[in-house]
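Listed here are the chains, written in short residue letters.
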Amino acid sequence: MNLIAWFTKNPVAANMLMGLLIVGGIVSLVTIDKQVAPAVALDRIEIRMAYPGAGPNDVERTLCIPIEETTRDLEGIRSLASRAREGQCEVTVEVAEGRDSGRLLAAIKRRLDNIETFPEESRPPQLREVYGGQASAISLSLLGEVDGATLRRLGLAVRDSLLRLPEVSRVKGPFGVPPYEIAIEVSAENLRRYGLAFDDIVRAVRRFSVDLPGGELKTRRGTLLLRSPSRATSAEAFESIVLRSDGDGGRLTLGEVATVHDGVAREEFVAEGLGHPMVRLVVYPKHQALETSKAVLRHVEALRPTLPPGIELIPWDDYAKYFEQRAEVMADSVLGGFCLIAGILLLFLGPGLALWAGLGIVISFLGAFALLPLLGFSLNAYTIFAFVLVLGIVVDDTIVIGEHIHSRQRQGLPGLAGALEATRELA
């Protein structure tokens, strides 16, 4: 009430506020995150730190344990869980209920920046809040009459190229192809011919296909971790594993005794498209779903000439279109409401009041758009549905207030004074 009275005495301020809502709404419509569905915070913080070439034991000792010991006493942490694997440490922090995960993330980052014992070869820690429920922007299908290993390799190459696009946050897949494996087949005849047992093959593979720590080398510049990397990662590397050697320099390798297969676990594909084996990639937006979709479609057109003959890359599900359709429904509803209000009030109450009442709908929506990013919301299918739902209330209120303004002005209150007085009474 007091605010309306103040605007009554300061019409310039009222006009400035209206102009601010219009400008803020337009700017927000251009810059606000546009997503099919909003991402939901899961009250988790993920810390990842890479240490290329280090085994799980070294990663745990030099990365995971220092991270845990440095951060576990911070307020707001409910639990800590770490996972050490080859070349990388992953620490998941569960945020206590009611705590601000953004502030906790900043506090963890400050603690980690002060750690000076990380190995020089390690990469800086990467921290992020974990979100769930984010909808993808578009899906791609890669298909063709090729073997599973080739289709998997092409799918990984396409995924890596998509991740380099600035509009893409992450890519899941390829889905639909069996997992990669290296299989070793040994016949009983070869085992008898060379005087070997099956356990001899197993022990040789275990002995030679490992990464062994070699201790530490202390220098003036720091401590270096020594390793003996010999883990086999291809069929050729497994075939070169030595099973037996003699004093004359003769060697018996695994490739002479066994057949090593390098490829997918099986050739049965989970999915098919247009009668061909198919793998699928799901692309997620960084900010704007529509921009991500357009960037991916441009990238697909650029990739197609580089694919082998018989391989097709097809956009499968453009989820950004769903957002575009809902946005069009909202725009059509606002335009229809404006025309309805303007038509009714023009017919009964005059052109001036009809124009301002119709503009009131547009300005109300622009004001809401201006507030969305300040309140932490994005423009997505749910917020668009809320706008469409509330449009009926706004149209109804506009007609009621417009009629009351007309009544007050006919009773002798001129222009803006009658409008503000009628609004104050109905407030």
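Draft legend 1. View of the overall build of the protein. Scanning the protein from terminus to terminus reveals 14 helices and 15 strands. Counting the 427 residues in the protein, one finds 38% classified as buried. Considering only contacts within the protein whose residues lie at least 6 apart along the sequence, 72% involve residues at least 24 apart. As displayed, the protein offers around 24600 Å² of accessible surface, 56% of which is attributable to carbon and sulfur atoms.

Draft legend 2. Broad picture of the pattern of salt bridges. In total, this model carries 14 salt bridges according to the counting rule given. Among the salt bridges present, the one from Glu-68 reaches Arg-72, with a minimum N-O distance of 3.4 Å. Accessibility expressed as a relative area gives 16% for Glu-68, which makes it buried. Take Arg-72: its relative accessible area is 48%, and that puts it in the partly exposed class. Of the charged contacts in the structure, one is a salt bridge between Asp-73 and Arg-111, with a shortest N-O distance of 2.9 Å. Of this pair, Asp-73 sits in the loop between helix H3 (56–71) and strand S2 (77–85) while Arg-111 is found in helix H4 (residues 101–113), placing the two residues 38 residues apart along the sequence.

Draft legend 3. Quick peek at unusual backbone geometry. A cis amide bond, omega 5°, links Gly-173 with the succeeding residue Pro-174. Tracing the backbone shows Pro-174 in strand S6 (residues 168–175).

Draft legend 4. The confidence of the model for the protein, seen in detail. For the protein, the mean per-residue pLDDT works out to 80, and 85% of the residues sit at or above 70. Within the protein, the lowest mean pLDDT, 52, falls on strand S13 (residues 271–273), and the highest, 91, falls on strand S3 (residues 88–95).

Draft legend 5. Focus on the state of the cysteines. Taken as a whole and assessed by the stated rule, the structure comprises one disulfide. Between the sulfur atoms of Cys-64 and its disulfide mate Cys-89 the distance is 2.3 Å. Taking the torsion about the S-S bond as the criterion, the Cys-64 to Cys-89 disulfide, at about 135°, is right-handed. Within this pair, whereas Cys-64 is found in helix H3, its partner Cys-89 is found in strand S3, the two being separated by 25 residues in sequence. Per residue, the accessibility class of Cys-64 equals that of Cys-89, and both read buried.

Draft legend 6. Representation of the environment of Phe-348 within the structure. You can see Phe-348 is positioned in helix H11 (residues 320–348). Assessed through its relative accessible area of 62%, Phe-348 is described here as exposed. Between the alpha carbons of Phe-348 and Glu-403 there is a distance of 9.1 Å; along the sequence they are 55 residues apart.

Draft legend 7. Geometry of the packing of helix H2 (residues 11–31) against helix H12 (residues 351–371). At a minimum axis separation of 7 Å, H2 and H12 run at an interaxial angle of 55°. One finds that H2 runs oblique with respect to H12. When the axes of H2 and H12 are compared, the crossing they make is left-handed. Contact residues: H2 offers Met-18, Leu-21, Ile-22, Gly-24, Gly-25, Ile-26, Ser-28 and Leu-29, while H12 offers Trp-356, Ile-363, Leu-366, Gly-367, Phe-369 and Ala-370. Within the contact of H2 with H12, the residues separate by chemical class into ten nonpolar, four polar and no charged.

Draft legend 8. Examining H11 more closely. In this model H11 runs 42 Å from its N-terminal to its C-terminal C-alpha over 29 residues, within 8% of the 42 Å that 1.5 Å per residue would give. Burial in H11 covers these residues: Ala-320, Phe-323, Met-330, Val-334, Gly-337, Ile-341, Ala-342 and Leu-345. Residues of H11 that are buried make contact with helix H10 (289–303), H12 and helix H13 (381–410).

Draft legend 9. Expanded view of the packing of H10 against H11. For the pair H10 and H11, interaxial distance at closest approach is 9 Å and the crossing angle is 135°. The angle between the axes of H10 and H11 places the two elements in the oblique class. The hand of the H10/H11 crossing is left-handed. Here Ala-289, Leu-290 and Ser-293 of H10 come into contact with H11, specifically with Ala-320, Phe-323 and Glu-324. Grouping the amino acids of the contact of H10 with H11 by side-chain chemistry returns four nonpolar, one polar and one charged.

Draft legend 10. Representation of the side chain of Ser-101 in the model. By secondary structure assignment, the location of Ser-101 is in helix H4. Since its relative accessible area comes to 11%, Ser-101 is described here as buried. Ignoring anything within four residues of it in the chain, the contact list for Ser-101 reads Ile-45, Val-95 and Glu-129.

Draft legend 11. Spatial organisation of the nonpolar core. With 30 residues, the main nonpolar core has Ile-361, Phe-365, Phe-369, Leu-379 and Phe-387 as its most contacted residues. With seven residues, H12 is the single largest residue contributor to this core. Among residues more than four places away in sequence, those in contact with Ile-361 are Val-334, Gly-337, Phe-338, Ile-341, Leu-391, Val-394, Val-395 and Thr-398. Counting 22 residues, the second largest nonpolar core, distinct from the first, contains Ile-67, Leu-74, Val-95 and Leu-105.

Basis of the calculations
Residues numbered from 1 in each chain as written. Predicted model: local features only at pLDDT ≥ 70, side-chain atom pairs only at ≥ 80, totals over all residues. Heavy atoms only, no water. Helix = DSSP H or I, 4+ residues; strand = E, 2+ residues; numbered from the N terminus. Buried < 20%, exposed > 50% of the residue type's maximum accessible area, 1.4 Å probe, protein only. Contact = heavy atoms within 4.5 Å. Areas by Shrake-Rupley, 256 points an atom, 1.4 Å probe, with all protein chains shown as cover. Salt bridge = Lys/Arg side-chain N within 4 Å of Asp/Glu carboxyl O. pLDDT = per-residue confidence, 0-100. Disulfide = S-S within 2.5 Å. Axes fitted to C-alpha atoms, helices over the stretch in contact; angles between N-to-C directions. Parallel < 35°, antiparallel > 145°, perpendicular 65-115°, else oblique. Left-handed = near helix turned anticlockwise from the far one by under 90°. Nonpolar A, V, L, I, M, F, W, Y, C, P; charged D, E, K, R; others polar. Expected span 1.5 Å × (residues − 1). Core = buried A, V, L, I, M, F, W, Y, C linked by side-chain atoms within 4.5 Å.

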